[in-house]
Amino acid sequence: MEITLNSGYKMPIVGLGVWRMEKEGIRDLVINSIKIGYRHLDCAADYKNEAEVGEALSEAFKEGLVKREDLFVTTKLWNSDHGHVIEACKDSLKKLQLDYLDLYLVHFPVATKHTGVGTTDSALGDDGVLDIDTTISLETTWHDMEKLVSMGLVRSIGISNYDVFLTRDCLAYSMIKPAVNQIETHPYFQRDSLVKFCQKHGICVTAHTPLGGATANAEWFGTVSCLDDPALKEVAEKYKKTVAQVVLRWGIQRNTVVIPKTSKPERLEENFKVFDFELAKEDMELIKSMDRKYRTNQPAKFWGIDLYA
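Residues numbered from 1 in each chain as written. Predicted model: local features only at pLDDT ≥ 70, side-chain atom pairs only at ≥ 80, totals over all residues. Heavy atoms only, no water.

A.B. asks: Quick one: what's the story with helix 5 (residues 164–173), residue by residue and with numbers?
C.D. replies: Those residues of helix 5 that sit buried are Thr167, Cys170, Leu171 and Tyr173. Buried residues along helix 5 sit in contact with helix 4 (138–150), strand 7 (154–160), strand 8 (180–184) and helix 6 (192–200). (Buried < 20%, exposed > 50% of the residue type's maximum accessible area, 1.4 Å probe, protein only. Helix = DSSP H or I, 4+ residues; strand = E, 2+ residues; numbered from the N terminus. Contact = heavy atoms within 4.5 Å.)

What follows is the structure in structure tokens.
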């Protein structure tokens, strides 16, 4: 299943996120995902594993597992490179061993102190607060993103972690509209207004953390995952599926792209088996009633400031 972006390109509705994936496990993860059927990989400069993903992709192409044109590869501009968009994109392409990106996203709507292209540091001031660069506007960054399209380095460009107001502004000043807004959304954090706004204006919503963070976010942020919810477990039993499969299917039926992450082979396959069933209207409504407005990914822990405040 694919969604057609406003750029005209098609984006697979299920992808594999590689956030917090250990470098030594990347090769097997990527190769196995391609063998299972994944055709969408979600990367980022800040994940610090683009080079390892690139090695795996190169191997997959050489072995004939998949053709480049059949893969959809996303990566993201880090905060510290807002003033160096073209150089940062070229750095990611070099690491990924690709000639072009299918999608390049502004990772967060904030420019921070530049620490060197591709270093993806989050420099803190003496006060322990993120060193935000107030001389670079998001509009300036976006126009540099647009240049990447005209240069042939990127097919589609988008935003990430933008709210309604910032997304509206981007629509107003853009020559090339954002094709995607990648945000945290799951049953406990549904963000229905933002999803509706984006979709109304032709922006595809990609759900990062589509399973509510699970173990990874519990470790880093002390959050609770919706995967343990008793009501969701009942729905899963009804369909003879796992809770994760039900949650991913819910995301798909909202017309959002889902990019679950996992390092476990059995979960990798499980997360892709979401096309052989459909949630009934009453179950979609049940899950809709579970919204807690509960964010599980909170970088304020590392930045000394809540950018969502």
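Picking up where we left off.
A.B. asks: Now, about the pairing of strand 9 (residues 204–208): what can you tell me, with residues and values included?
C.D. replies: Looking along a regular strand, one sees the side chains alternate between the two faces of the sheet. Among the five residues that make up strand 9, five are buried, leaving the element largely enclosed by the rest of the structure. Alternating positions in strand 9 separate into two faces, Cys204, Thr206 and His208 on one and Val205 and Ala207 on the other, with burial throughout. Summarising the sheet, strand 8 and strand 9 pair through five bridges and their orientation is parallel. Each bridged residue has a counterpart across the sheet, and for Glu184 the counterpart in strand 9 is His208. For the handedness criterion, the β-α-β arrangement of strand 8, helix 6 and strand 9 is classed as right-handed. Across two bridges, strand 9 lies against strand 10 (residues 257–258) in parallel orientation. Of the residues in strand 10, the one forming a bridge with Ala207 is Val258. (Pairing = 2+ DSSP bridges. Right-handed = clockwise from strand over helix to strand, strands pointing away.)

A.B. asks: How would you explain the packing of aromatic side chains if you had to name every residue and give the values?
C.D. replies: Summed over the entire model, instances satisfying the criterion amount to seven aromatic pairs. Measuring from centroid to centroid gives 5.1 Å for Phe108 and Trp303, while their planes differ by 75°, and the two rings are edge-to-face. Placement of Phe108 in the loop between strand 6 (101–106) and helix 4 and of Trp303 in helix 12 (residues 300–303) is noted, with a sequence separation of 195 residues between them. Look at Trp303 and you get buried, because its relative accessible area is 5%. Aromatic side chains Phe272 and Phe275 sit 5.8 Å apart centroid to centroid with 80° between the ring planes, which places their arrangement in the edge-to-face category. Under the relative-accessibility criterion, Phe275 is labelled partly exposed at 34%. The structure contains a cluster of three or more aromatic residues connected by ring pairs, namely Tyr38, Phe272 and Phe275. Its end group placed over the ring of Tyr100, Arg68 keeps NZ or CZ at 4.0 Å from the ring centre. We note Arg292 situated over the ring of Tyr188; from NZ or CZ to the ring centre the distance is 3.9 Å. (Phe/Tyr/Trp six-rings, centres within 6.5 Å; stacked < 30°, edge-to-face > 60°. Lys NZ or Arg CZ within 6 Å of the ring centre and 35° of its normal.)

A.B. asks: Could you give me a rundown of the layout of surface pockets, with the residues and numbers involved?
C.D. replies: There is about 410 Å³ of room inside the second largest pocket. What lines the second largest pocket is a set of 19 residues, among which Asp163, Arg191, Leu194, Arg295 and Tyr308 lie closest to the centre. Elements that contribute at least two residues to the lining of the second largest pocket include exactly helix 5 and helix 6. With three residues, helix 6 is the single largest residue contributor to the lining of the second largest pocket. The residue inventory of the lining of the second largest pocket, partitioned by class, reads 10 nonpolar, three polar and six charged. (1 Å grid on protein atoms, 1.4 Å probe; cavity = no way out; pocket = protein on both sides within 12 Å on 5 of 7 lines; lining within 4 Å. Points joined across faces, edges and corners; volume = space filled by probe spheres on them. Nonpolar A, V, L, I, M, F, W, Y, C, P; charged D, E, K, R; others polar.)

A.B. asks: Give me empty space enclosed by the protein: which residues, what numbers.
C.D. replies: A full pass over the atoms with the stated rule returns one cavity of 30 Å³ or more. Volume-wise, the largest cavity comes out at about 30 Å³. If one sorts the elements of the lining of the largest cavity by residue count, helix 9 (residues 243–253) sits on top with three residues. Grouping the amino acids of the lining of the largest cavity by side-chain chemistry returns five nonpolar, four polar and one charged.

A.B. asks: Explain the UniProt feature "active site" (unreviewed entry) in the protein to me, and be specific about the residues and the numbers.
C.D. replies: Residues annotated by UniProt as "active site" (unreviewed entry) correspond here to Tyr47. Residue placement: Tyr47 occurs in the loop between strand 4 (40–42) and helix 2 (50–62). Residues within four places of Tyr47 in sequence aside, it is in contact with Val18, Trp19, Asp42, Lys76 and His107. (UniProt positions renumbered as here; feature names shortened; annotations may be inferred.)

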